[in-house]
Amino acid sequence: MDPNSCSNIEAETKEMDARSLSASHQHSQYLHKVGIPPKQNLLREFIARVKETLFADDPLRPFKDQPRSRKLVLGIEAIFPIFEWGRSYNWRKFRGDLIAGLTIASLCIPQDIGYARLANLAPQYGLYSSFVPPLIYAFMGSSRDIAIGPVAVVSLLLGSMLSNEIDPNQNEAEYLRLAFTATFFAGITQVTLGFLRLGFLIDFLSHAAIIGFMAGAAITIALQQLKGLLGIQKFTKKTDIISVMRSVWGSVHHGWNWQTILIGVSFLSFLLLTKYIGKKNKKFFWVPAIAPLISVILSTFFVYITHAEKKGVQIVKNIEKGINPSSVNQIYFTGDYLLKGLKIGVVAGMIALTEAVAIGRTFASMKDYQLDGNKEMVALGAMNVVGSLASCYVATGSFSRSAVNFMSGCETAVSNIIMSCVVFLTLEFLTPLFKYTPNAILAAIIISAVVGLIDVKAAILVWKIDKFDFVACLGAFLGVVFASVEIGLLIAVIISFAKILLQVTRPRTAILGKVPRTNVYRNILQYPEATKVPGVLIVRVDSAIYFSNSNYVKERILRWLMDEEEKVKAACQPTIHFLIVEMSPVTDIDTSGIHALEELHRSLEKKNIQLILANPGPMVMDKLEASKFANLIGDDKIFLTVADAVSSCSPKRVENV
């Protein structure tokens, strides 16, 4: 294009700007101004912020305007919800709980024996952990559907972390003491989080990371069971896939036992078939629920009549009879193992808590009732603290058992009491019957149970929704499978925090344009039909502006401006004289953010460009006034909407857009 014609357009633009500013001065009297919030008392503001952070659900609301006696009753019900829903308990509900309790008991008994082995503990400790903790939870928990007991992931995590400190074969007594110590501190961690209402901390482990972690743990657990499924006696203590497969194939010629393989593979096929039947037809949910107990009974009878243990088939042998002995004196409260138990307990407690809360929320949404997360934490913590004093290791909500509990028609937490009673009878009278139970069947039960933890559909959905989330999912998965459970967990936490930091330090910004035949301004990438206003650049910042991102926000806006100046110059369009920053998504701003705006203002002044703000929120407006920044740019440069701002600085052009 001819340079003379460009200079003519520039001259016309300046004349048009002069008329626009004159018109804007007349037009401004009709514009609504941004309100300045009243000054807040600093102490009240701080209290309000703390209350909103820790007491967002307003737990004391039921206590308002109540007599002292009623407050006492409400306080007891808050700690022990069973006294609240117990008043309306009836025979119909008990019938549902009875069936559900018996069903999950048939599932939990063989699982508990197997999960105890995952934690490198004797089988009875798995049963102990399904006796005392469910009773405590039934009185204190707020979920109607969670079934309490040992779970595969936490058992593996405990077994892995504890064995790094003490060899369970060479020093069984010390290992057991450390397990009880870790359980005690897991409970203390959970109670503390609930009591201080810090449950939001577990949300820092993203859902995507949990999906990957669980899938990796499921594969690791399944690989660990190859020892029992193939009858291998010498097996690696490492959990990564390379070490396990090297151990498996290294013993193929002299370590595998064909009788064990026959038993294990046969019953594993049976268990997977029953799972398939239950999944295809919800009416047959009870089939996979009772299949593990049937498998144990049949395999035990088979080994007993054939004396397969004499042919190399490894069996459970003796399970100690009787209910939980006291372990009060076995917990480390001093010495070197105190800190080790504390560290293991905190990690195990957080993972157990994450799994239980996720399960509880899932089933609560299905039945449309509210789950109090903080009450859940206190209940789970209390049951683990009490459990650690009664020879239990970390228990939590089990997804497989909770699903069966839900499908069986449970009405309340009484189903946990029923299950606990069945476990009590088993410990008192039935443990000798498990003497000839082959280890292969326990391995098969565990493998069939953890298969459900691998959620491929959820991983694919994560990939479709958010690629960075998928990186967290994949990182956690690979960390568990190729390194260890602890490394996988660490990777999951690191990537989750990295995502938060990335979003905080690099917030999204966008250029806005006017949607045709409206007074609305939107992102031009989302709305390609939206048109830019000549001589005006409109930028939106989609985040609070803090010290962590203030410099980036300033530089990104200047880069937008530089890019736009190059475009309008190449197209011989009117030069940019106004930069409007849409601030409705900016929920807050700090001193660094104000300083960045001041620097932006100075940079724009050198270019003869006016800085204009649109729709700052109350917190932001209060700080703009307190810092005198509003006076710096002028109160007439802060508008209620982008449309007002554009109309004020360039009304003639808006009419033509």
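Nothing here was measured: the structure is a model prediction, and the numbers come from that model.

## Section: the overall build of the protein
- Looking only at helices and strands, one finds 28 helices and 8 strands in the protein.
- Against the compact-globule benchmark of 26 Å for 657 residues, the protein has a radius of gyration of 32 Å, which places it well outside the compact range.
- Taken over the C-alpha atoms alone, the protein extends approximately 105 × 70 × 55 Å along its principal axes.
- A buried classification covers 50% of the 657 residues belonging to the protein.
- Surface summary for the protein: the accessible area is close to 31,900 Å², and the carbon and sulfur share equals 62%.

## Quick notes on the nonpolar core
- Formed by 96 residues in total, the largest nonpolar core has its most connected members in L121, L158, L162, F213, I221 and I351.
- Look past the residues within four positions of I221 in its chain and what remains in contact with it is L118, A152, V153, L156, I446 and V450.
- Counting 30 residues, the second largest nonpolar core, distinct from the first, contains I545, I557, L597 and L613.

## Looking at the side chain of T239
- Relative to the helices and strands, T239 resides in the loop between α11 (226-230) and α12 (241-250).
- Filtering out sequence-adjacent residues up to four positions away, T239 remains in contact with L156, T220, Q224, V244, V481, A483, S484 and V485.

## Some thoughts on the sheet that holds strand β4 (residues 521-523)
- Across the sheet, 6 strands lie side by side as β4-β3-β5-β6-β7-β8; this open sheet has mixed pairing. The open sheet has two edge strands, β4 and β8 (638-639), and neither has a second partner.
- Taken together, the 5 bridges between strand β6 (residues 578-582) and strand β7 (residues 610-614) define a ladder with parallel strand orientation. Each bridged residue has a counterpart across the sheet, and for V581 the counterpart in β7 is L613.
- The sheet strands contacting helix α27 (residues 642-649) are β4, β5 (536-541), β6, β7 and β8, and the helix crosses β6 at an angle near 170°.

## Quick word on the confidence of the model for the protein
- Residue-level pLDDT values for the protein average 88, and 93% of them are 70 or greater.
- Under a pLDDT of 50 for its full length, residues 13-29 has, in the predicted model, 19 contacts with residues more than four places off or in other chains.
- Here residues 651-657 is a poorly scored stretch, pLDDT under 50, and it has 22 contacts once near neighbours within four places are set aside; other chains count.

## What to know about the packing of helix α5 (residues 91-118) against helix α19 (residues 439-450)
- Direction vectors running N to C along α5 and α19 enclose 95°, while the axes themselves pass 9 Å from each other. Overall, the two elements α5 and α19 adopt an arrangement that is roughly perpendicular. Counted together, P110, Q111, I113, G114, Y115, R117 and L118 of α5 and N439, L442, I445, I446 and A449 of α19 form the full contact between these two elements.

## Overview of the pattern of salt bridges
- One pass over the structure, following the stated rule, counts 16 salt bridges.
- Ionic pairing is found between E165 and K340, a salt bridge with its closest N-O pair at 3.4 Å. In this pair, E165 sits in helix α8 (residues 152-165) while K340 sits in helix α15 (residues 336-367), placing the two residues 175 residues apart along the sequence.
- A salt bridge links R540 to D542; its shortest N-O distance comes to 2.7 Å.
- Linked through salt bridges whose partners overlap, the residues forming this network are E165, K340 and K343.

## Looking at the state of the cysteines
- Scanning all chains against the criterion turns up 0 disulfides.
- C392 takes part in no disulfide bond, and the closest cysteine sulfur to it belongs to C108, at a distance of 13 Å.
- C410 takes part in no disulfide bond, and the closest cysteine sulfur to it belongs to C108, at a distance of 15 Å.
- Here C410 falls in the buried class, since its relative accessible area comes to 2%.

## So, unusual backbone geometry
- Of note in this structure, S391 is not a glycine but carries a positive phi near 60°.
- Positionally, S391 belongs in the loop between α16 (373-388) and β2 (396-397).
- S391 sits in the buried class, given a relative accessible area of 2%.
- Backbone geometry places K628, a non-glycine residue, at a positive phi of 70°.

## Structural notes on a positive patch on the surface
- On the surface, K275, K279, K282 and K457 cluster together to form a positively charged patch.
- For K282, the position within the fold is in the loop between α13 (258-280) and α14 (286-306).
- A relative accessible area of 53% places K282 in the exposed class.

## A short note on the side chain of S402
- By secondary structure assignment, the location of S402 is in helix α17 (residues 399-407).
- Discounting chain neighbours no more than four positions away, the residues touching S402 are D145, I146, A147, I359 and F363.

## Brief notes about the packing of aromatic side chains
- Here the structure, examined in full by the defined rule, presents 15 aromatic pairs.
- Look at F184 and F185: their rings are 5.3 Å apart centre to centre, the planes differ by 85°, and that puts the pair in the edge-to-face class. The exposure classification of F184 matches that of F185, with both residues buried.
- Every member of this aromatic cluster is reached through a ring pair, and the members are Y125, Y128 and F180.

## Description of a nonpolar patch on the surface
- Where nonpolar side chains cluster on the molecular surface, the patch consists of L72, I76, I79, F80, F83 and F139 and spans about 550 Å² of accessible area.
- When residues in the nonpolar patch are grouped by element, the largest group, 3 residues, is from helix α3 (residues 68-79).
- For I79, the location among the structural elements is in helix α3.
- Owing to a relative accessible area of 47%, I79 belongs among the partly exposed residues under this scheme.

## Considering the environment of S592
- Tracing the sequence through the fold places S592 in helix α24 (residues 591-606).
- S592 sits in the partly exposed class, given a relative accessible area of 29%.
- Sequence spacing of S592 and Y546 is 46 residues, and the spatial spacing of their C-alpha atoms is 6.2 Å.
- Not counting the four nearest positions on each side in its chain, S592 is found in contact with Y546, F547 and S550.

Analysis parameters
- Residues numbered from 1 in each chain as written.
- Predicted model: local features only at pLDDT ≥ 70, side-chain atom pairs only at ≥ 80, totals over all residues.
- Heavy atoms only, no water.
- Helix = DSSP H or I, 4+ residues; strand = E, 2+ residues; numbered from the N terminus.
- Rg over C-alpha atoms; globule rule 2.2 N^0.38 Å.
- Buried < 20%, exposed > 50% of the residue type's maximum accessible area, 1.4 Å probe, protein only.
- Areas by Shrake-Rupley, 256 points an atom, 1.4 Å probe, with all protein chains shown as cover.
- Core = buried A, V, L, I, M, F, W, Y, C linked by side-chain atoms within 4.5 Å.
- Contact = heavy atoms within 4.5 Å.
- Pairing = 2+ DSSP bridges.
- Axes fitted to C-alpha atoms, helices over the stretch in contact; angles between N-to-C directions.
- pLDDT = per-residue confidence, 0-100.
- Parallel < 35°, antiparallel > 145°, perpendicular 65-115°, else oblique.
- Salt bridge = Lys/Arg side-chain N within 4 Å of Asp/Glu carboxyl O.
- Disulfide = S-S within 2.5 Å.
- Patch = residues over 30% accessible without salt bridge, like charges linked within 9 Å, V, L, I, M, F, W, Y side chains within 5 Å.
- Lys, Arg positive; Asp, Glu negative; His and termini not counted.
- Charge placed at Lys NZ, Arg CZ, Asp CG, Glu CD.
- Phe/Tyr/Trp six-rings, centres within 6.5 Å; stacked < 30°, edge-to-face > 60°.

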